[in-house]
Amino acid sequence: MNTFFSVQNIDNLQEIVKEALALKANPYAFKSLGQNKMLGLVFLNPSLRTRLSTQKAAMNLGMDVMVMNMDKDGWALETRDGVVMDGTTVEHIREAAAVMGEYCDILGLRSFPGLKDRKEDYSEDLFNKFIKFCNKPVISLESATRHPLQSLTDLITIIEHTPVTSKEANGTFTTVAHKPKVVLTWAPHVKALPQAVPNSFAEWMCKAQEEDLLSFTITHPEGYELDESFTKGATITTNQEEALKNADFVYVKNWSSYHEYGKILVTGREWMPTVEKFKVTNQARVMHCLPVRRDLELASELLDSPASLVIKEAGNRVWAAQAVLKRMLDQLV
Ligand code: CP
């Protein structure tokens, strides 16, 4: 694997989930694989989970890690081509990425969208230039339109927490996984947030649905439709109560409008998931990528209840990152 940017970089979801869970069971089994290999993590935006879990994953594989907070510690970056750099930008991405490629064997990049110009954000221009000029394998630590390490984590967490039943036929027992109903619900927020997490979650869940692992429903208020290229095959409804019926996993996330790009169209708490709303579910587990604004996006009574998977989900970030790094290291050796 040379790039980890979207679900399209993974042939078989079940296989990578299996690999990640094997690493969870035996984290140091490949401690020598990353010896004398350097991972560079480049952040243009803040992070807690992505930063720490990816570092831990690399260390479990024996890698060394360097972290660059480009937004605070780096030179102001120019990404446009053909401009005279007589303004505030100091270093062009062509040189910055190439130099980081000289120091590292694998690079990770986090780069959020500006939420002003949809065409520019959805072109993933900055991310693509970074890949092109660093000349090394690149992992997305969240780009303008996707957050694949989070989505792989989410799938691992869903599969890990899906009950398996044992069936007997002619004296032979076979295990059968219940096919869970997974629901992505929009939730309120006071800030305009990117569509990267819901886009990415949707495209991973649509592929998981194609592989017959689960069924997938999205619910949001009118005006919050995601780009259709991420949601093909999903059941989509603006009726949250209908969507939550018989749900096994409810993934809660805010996003700003895609069609009225970057705008907040709905305010108030009406869409906030609560214990009361969860009564129609199949005792659903609640998920969120974190950070979460308590009692705005998600009721604290749910976050603090046994239904919550948010901490286990964040813990699984390590195994998602480790599975991806291992595949990249396998190719370097
Ligand atoms: N979920 C997630 O990516 O968390 P951070 O932004 O803290 O890395």
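Just so it is clear, the model here is predicted, and its values are computed rather than measured.

Draft legend 1. Focus on the overall build of the chain. If you tally the helices and strands in the chain, you get twelve helices and 14 strands. By the compact-globule yardstick of 20 Å for 333 residues, the chain fits well, its C-alpha radius of gyration being 20 Å. Counting all 333 residues of the chain, 54% fall into the buried class. The long-range fraction of contacts in the chain, counting pairs at least 24 apart against all pairs at least 6 apart in sequence, stands at 77%. Of the roughly 15,400 Å² of accessible surface on the chain, 50% is carried by carbon and sulfur atoms.

Draft legend 2. Spatial organisation of the nonpolar core. Ranked by internal contacts, the top residues of the largest apolar core, which has 58 residues, are F4 and F216. The greatest single-element share of this core, amounting to nine residues, is contributed by helix α12 (residues 317-332). Among the domains, domain 1 (3-147 + 317-332) and domain 2 (162-308) are the pair contributing at least three residues each to this core. Counting 17 residues, the second largest nonpolar core, distinct from the first, contains A243, A247, V252 and F278.

Draft legend 3. Just the pattern of salt bridges, in detail. Scanning all chains against the criterion turns up 14 salt bridges. Here D212 and K179 are joined by a salt bridge, their closest N and O atoms 2.9 Å apart. Taken as a pair, D212 in the loop between α8 (196-210) and β11 (215-219) and K179 in the loop between β9 (172-177) and β10 (181-186) lie far apart in primary sequence, 33 residues in all. Of the charged contacts in the structure, one is a salt bridge between R294 and D304, with a shortest N-O distance of 2.8 Å. With R294 in the loop between β14 (285-287) and α10 (300-303) and D304 in the loop between α10 and α11 (310-315), this residue pair connects regions lying ten residues apart in the sequence. Because the salt bridges share partners, they merge into one network encompassing D81, R94, D125 and K129.

How each quantity is defined
Residues numbered from 1 in each chain as written. Predicted model: local features only at pLDDT ≥ 70, side-chain atom pairs only at ≥ 80, totals over all residues. Heavy atoms only, no water. Helix = DSSP H or I, 4+ residues; strand = E, 2+ residues; numbered from the N terminus. Rg over C-alpha atoms; globule rule 2.2 N^0.38 Å. Buried < 20%, exposed > 50% of the residue type's maximum accessible area, 1.4 Å probe, protein only. Contact = heavy atoms within 4.5 Å. Areas by Shrake-Rupley, 256 points an atom, 1.4 Å probe, with all protein chains shown as cover. Core = buried A, V, L, I, M, F, W, Y, C linked by side-chain atoms within 4.5 Å. Domains from an automatic or database assignment. Salt bridge = Lys/Arg side-chain N within 4 Å of Asp/Glu carboxyl O.

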